[in-house]
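# Chains, contacts and geometry: an overview
Listed below, chain by chain, are the residues.
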Amino acid sequence: MIDSRIDGVAFEPGVEPGVRERRVTELLALGGAGVALGIGLLAIVAGVGGPRWIAWLSVGGAPMSPSTGVGLVLAAGGVVVWCVRQRRGRPAGMPVRLAALALVALGLGAFVHDLLPGDLALRDILAWGSGPAVAPSVLGAVALVLSGVALSPLAVRQHSGLARDVSAGLVFWIGLLGITELIFHASIFHELGVGPKLSLPASVAFVALGGALALVDVEGLLARRLQSLGSGGRLLRGAFPLILLGSLSIAVLTRLLSHGGVVSEGVADALGVNAMSAVVLAACWALAGASDRADDRLRSAEATLRTVTETVEDAFWVSSVDTGQLLYVSRGYERIWGRPASELQIDPTSWLQAIHPDDRGRVVARFVAVADPGGFSEEWRVVRPDGQTRWVRGRAWVVRDRSGKAVRLVGVGQDVTELKQAQLEREQSELRFHEIAERLDEGMWITTLAADRMLYTNAACEEIWGRPAEELHEHPHLLIESIHRDDRGRVQQSLRSGSLDETFRVLRPDGTVRWVHDRGFAIHDAAGEVRQMAGLISDITDQAQATEALEHSREQYRHQALHDPLTGLANRPLFVDRVEQALAYRDGGELATVMLIDLDRFKSVNDTLGHAAGDDLLRQVARRLRDCVRSEDTVARLGGDEFGVLVARARVDVAEKLGQRIAARLSEPYTLADDTRPYVSASVGLAVRSTAADNPDALIRHADLAMYQAKADRGAQSVRFRPDMENDPRPSPAPR
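Reading the values: the criteria
- Residues numbered from 1 in each chain as written.
- Predicted model: local features only at pLDDT ≥ 70, side-chain atom pairs only at ≥ 80, totals over all residues.
- Heavy atoms only, no water.
- Helix = DSSP H or I, 4+ residues; strand = E, 2+ residues; numbered from the N terminus.
- Contact = heavy atoms within 4.5 Å.
- Patch = residues over 30% accessible without salt bridge, like charges linked within 9 Å, V, L, I, M, F, W, Y side chains within 5 Å.
- Areas by Shrake-Rupley, 256 points an atom, 1.4 Å probe, with all protein chains shown as cover.
- Salt bridge = Lys/Arg side-chain N within 4 Å of Asp/Glu carboxyl O.
- Lys, Arg positive; Asp, Glu negative; His and termini not counted.
- Charge placed at Lys NZ, Arg CZ, Asp CG, Glu CD.
- Buried < 20%, exposed > 50% of the residue type's maximum accessible area, 1.4 Å probe, protein only.
- Pairing = 2+ DSSP bridges.
- Axes fitted to C-alpha atoms, helices over the stretch in contact; angles between N-to-C directions.
- Core = buried A, V, L, I, M, F, W, Y, C linked by side-chain atoms within 4.5 Å.
- Parallel < 35°, antiparallel > 145°, perpendicular 65-115°, else oblique.
- pLDDT = per-residue confidence, 0-100.
- Polar contact = N/O pair within 3.5 Å; in protein donor to acceptor, adjacent residues only side chain to side chain.
- Expected span 1.5 Å × (residues − 1).
- Arc of directions from axis to C-beta.
- Phe/Tyr/Trp six-rings, centres within 6.5 Å; stacked < 30°, edge-to-face > 60°.

## A look at the overall build of the protein chain
- From N to C terminus, the protein chain includes 28 helices and 17 strands.
- Sequence-distant contacts, at least 24 apart, represent 56% of the contacts inside the protein chain between residues at least 6 apart.

Structure, rendered in structure tokens:
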């Protein structure tokens, strides 16, 4: 029954090897305690006058003391209580401590009884009942004391198991010695002077109790030895010479004791056999421990591998190279192939029949060469019985022994159907992207953030840059170098910022310049870092040219609206606006000055030489006026032969000198129809800003009055406005 429980625990699926070993050790301890407890109870029953079943197990007339039975019950009970409390996570407590103390007291009492044979009271205490008074032997008493000593560390939770292991080992040895004496009918105890021999039940009980005390605590030395990692085999190999030498030494020692008369020959033989038996038992125990540990490691490795292979979705398989027999296949095969794995046991090549006909030949050819260093790696389709097609990625490799011989073929099949579908969808998406991108009139590009590598360009980019895509990909620096130098820095700064929305010029290899509008955006990777830039670039040259032409037309319209078409000078509206702006400026002695100029005798030129000559004369006058003034001054044709000059921010004396110079310059000869002579002169009226003339109309009116005064004074001169001119009886000029 115990053996079956041990086997059941040791090979229980899903239990780690360390846990199994601890549970086996615990079962062995409980089993030994149970044997000792049973024998002790039988001895107690016989001692209180009950059935003497314990006498049936006695050999050679060696009875068993009921006090020994009490000691066995105390020790075995302490072991059981300790195990139960440990299972519940509670300390051993007082019961185990009391049992240990009672054992020591009982053993010491028996030992004192043998030292004081006349003490009848102690004999009555140690051997009660209706039969003959029997007290424990000396070695039995020693065994009880040692049992109490071994139980004490458990009571106080001391996990240093040296004292317990030594005491338990001595208890075990005393029981083994009693069994040996009974088997060989020797008188070892008597000749050694240690009292009567042990009964067979007591000997067996002490053997079982010693083993239980040694194995009850898994932290003990002997218990850990039982669980040590394969040390039994190494110990047996390393200690074999010592075992042989020890056995021979024991045999020689017992013979010397026999010849010296210390012990009888029978006792010497019994001692020798007992010692050598113990040595052989120890060697067998070490060998069994190593073998069991190796088996456990193998079973653990196999269980771990099986757990892994049965958990994952992939199909794992192992076959023999020599026989081709399939040694193992995981459940993943049934999930992927949709066929029972039992088919492979009948025909190991049946998995090939399920491969798609278009892939089967390629897979077979590659599988034949599986012994190559690179192994086997291939993808194929599997047609399942329900008609569904699954993509499989298979890998296989050869396992060789230490001599290099191929012994196993190991492989794994992974269902990559979803991965293949995702890959197909990605390829179709890329194909649609390329089809759309190549049909766009706009250029599409993808580049690294530093623009040092071009990843993609469509056909429109070739047209815009005037370069083939191969050149752009091989020399990505051309993308930046082809940008007009006035625009390049601005575009590079936008690229570095990760956002591009710029209009710039591209210089093509044929020398043409194209205006483009480029819109780019950053592409982030899975970590959120910007690694690439993508964008759309449009050729807006036609739009730019149309916009430029429109702007030029608008500029021309504005110019024509504000300038005289014959002379190119400012017209009256522009002149009045400039005067208004000049009046808004105040700076000490520098005042705005307006001059109105009228050409004397101009009508005669039109009448005698024609209007073409008159227009030519007006253009020459305009040029002379421009030469007389500064760039910040304004010259205007106000209509007919009348001109205006605005001198901004000038002193009065400077303005008067300028008026005299203009009158003199315009009165100089002109060349008309190949004839040079002073056709006309100029009357200049000059008005300076004042409190009475602080608006354009008033200032221009004063200049007009001054001009009429100059004409009245025979012309060809410059006259400055005076307030008395307001009272001149001559007709005043109409407001202009």
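Let's pick the thread back up.
## Re a negative patch on the surface
- A surface patch of negative charge is lined by E438, E462, E463, E470 and E474.
- If you list the elements that add at least two residues to the negative patch, you get helix 19 (459-465) and helix 20 (469-474).
- Within the element layout of this structure, E462 appears in helix 19.

## Comments concerning the side chain of D564
- Within the secondary structure, D564 is located in the loop between helix 23 (541-562) and helix 24 (572-583).
- Of the residues examined, D564 reaches a relative accessible area of 11% and is grouped as buried.
- Those residues in contact with D564, other than ones at most four positions away along the chain, are L569, A570, N571 and R637.

## Brief notes about the sheet that holds strand 5 (residues 406-415)
- Spatially, 5 strands are ordered 2-1-5-4-3 in an open sheet, and the strand pairing comes out antiparallel. Single-partner strands in this sheet number two, and they are strand 2 (326-329) and strand 3 (376-383). Going from strand to strand, the sheet's axes swing by 20° on average, the running direction of each strand aside.
- In this sheet, strand 5 lies alongside strand 1 (residues 315-320) in antiparallel orientation, the contact comprising 6 bridges. When the bridges of strand 5 are listed, S319 appears paired with L409.

## Some details on unusual backbone geometry
- The phi torsion at R601 lies on the positive side, around 65°, for a residue other than glycine.
- Take R601: it is sitting in the loop between strand 11 (591-600) and helix 25 (602-609).
- R601 sits in the partly exposed class, given a relative accessible area of 47%.
- Of note, A673 is a non-glycine position whose phi angle comes to about 55°, a positive value.
- Relative to the elements of secondary structure, A673 occurs in the loop between strand 14 (670-672) and strand 15 (675-677).
- Among the residues examined, A673 registers a relative accessible area of 68% and is labelled exposed.

## Notes on a nonpolar patch on the surface
- Together, L30, V80 and V84 line one region of the surface with nonpolar side chains, adding up to about 180 Å² of accessible area.
- Looking at where V84 falls in the secondary structure, it is placed in helix 4 (residues 66-87).
- The exposure class of V84 is partly exposed, given its relative accessible area of 38%.

## Brief notes about the nonpolar core
- Counting residues in each nonpolar core, the largest one holds 36 residues, and the members touching the most others are L72, V79, L151, F206, L213 and V216.
- Only helix 2 (17-47), helix 4, helix 5 (93-115), helix 7 (138-155), helix 8 (162-184) and helix 10 (200-215) provide two or more residues apiece to this core.
- With near-sequence residues (within four places) excluded, L151 lies in contact with L74, A75, G78, V79, V96, A99, A100, L103 and L213.
- Listed in part, the 31 residues of the second largest apolar core include A622, C628, A663 and L666.

## Details of the packing of helix 25 against helix 26 (residues 611-628)
- Running from N to C, helix 25 and helix 26 point in directions that differ by 140°, and their axes come no closer than 6 Å. Judged by the angle between their axes, helix 25 and helix 26 are oblique. Across the interface between the two elements, F602, V605, N606 and L609 of helix 25 pack against H611, A613, G614, L617 and L618 of helix 26.

## Considering the sheet that holds strand 17 (residues 717-720)
- Taken in spatial order, the 5 strands line up as 12-13-11-16-17 in an open sheet, and their pairing is mixed. The outermost strands of the open sheet, each flanked by one partner alone, are strand 12 (634-639) and strand 17. Strand-to-strand twist of the sheet, defined as the mean angle between neighbouring strand axes without regard to direction, takes the value 20°.
- In the sheet, strand 12 pairs with strand 13 (residues 642-650) via 5 bridges, with the strands oriented antiparallel. Paired with G639 across the two strands is E642, which belongs to strand 13.
- Taken strand by strand, helix 26 contacts strand 11, strand 12 and strand 13, and its axis lies near 5° from that of strand 13.

## Overview of the confidence of the model for the protein chain
- The predicted model of the protein chain has a mean per-residue pLDDT of 75, with 71% of residues at 70 or higher.
- Across residues 129-133, confidence stays below pLDDT 50; counting only partners more than four residues off in sequence or on other chains, it has 5 contacts.
- Per-residue pLDDT stays below 50 along residues 226-241; that stretch engages in 25 contacts with residues further than four places along the chain or on separate chains.

## Re the environment of T671
- Inspection of the secondary structure assignment puts T671 in strand 14.
- Excluding residues that lie within four positions of it along the chain, T671 makes contacts with D616, Q620 and T676.
- A polar contact is formed between the side chain of T671 and the side chain of T676, at a distance of 2.6 Å.

## Quick notes on helix 22 (residues 485-497)
- Taking 1.5 Å of rise per residue, the 13 residues of helix 22 would be expected to cover 18 Å, and the 19 Å separating its terminal C-alpha atoms lies within 8% of that figure.
- Every buried residue of helix 22 is accounted for by D487, V491, S494 and L495. For helix 22, the angular spread of buried residues about the axis comes to 100°, placing them on one side. Turned more than 90 degrees away from the buried face of helix 22, the exposed residues are R485, Q493, R496 and S497.

## With respect to the packing of aromatic side chains
- Following the criterion strictly, the structure yields 3 aromatic pairs and no others.
- Taking the centre distance of 6.5 Å and the plane angle of 80° together, the rings of W337 and W351 count as edge-to-face. Here W337, found in helix 14 (residues 332-337), pairs with W351, found in helix 16 (residues 350-353); they are 14 residues apart in sequence, far enough to count as distant. Both residues of the pair, W337 and W351, count as buried.
- On the basis of an interplanar angle of 45° and a centroid distance of 6.1 Å, the ring pair of W351 and W380 is categorised as tilted.

## Observations concerning the pairing of strand 3
- The alternating pattern of strand 3 places F376, E378, W380 and V382 on a buried face, while none of S377, E379, R381 and V383, on the opposite face, is buried.
- Here strand 3 folds back onto strand 4 (residues 389-400), and the loop between the two strands holds 5 residues, one of which, G387, carries a positive phi near 90°.

## Let's talk about the pairing of strand 6 (residues 443-448)
- The buried fraction of strand 6 amounts to 6 of the 6 residues, a majority that puts the element mostly inside the structure.
- Pairing geometry for strand 6 and strand 10 (residues 530-539), over 6 bridges, is antiparallel. The partner of G443 across the bridge, within strand 10, is I537.
- Note: strand 6 against strand 7 (residues 454-457), 3 bridges, orientation antiparallel.

## Description of the pattern of salt bridges
- For the coordinates displayed, the defined rule picks out 28 salt bridges.
- In this structure, E378 and R366 form a salt bridge, with 3.4 Å as the shortest nitrogen-oxygen distance. Here the residue E378 occupies a position in strand 3, and R366 occupies one in helix 17 (residues 357-368), the gap between them amounting to 12 residues.
- A relative accessible area of 28% places R366 in the partly exposed class.
- D675 is the salt-bridge partner of R677, the closest N and O atoms lying 3.1 Å from each other.

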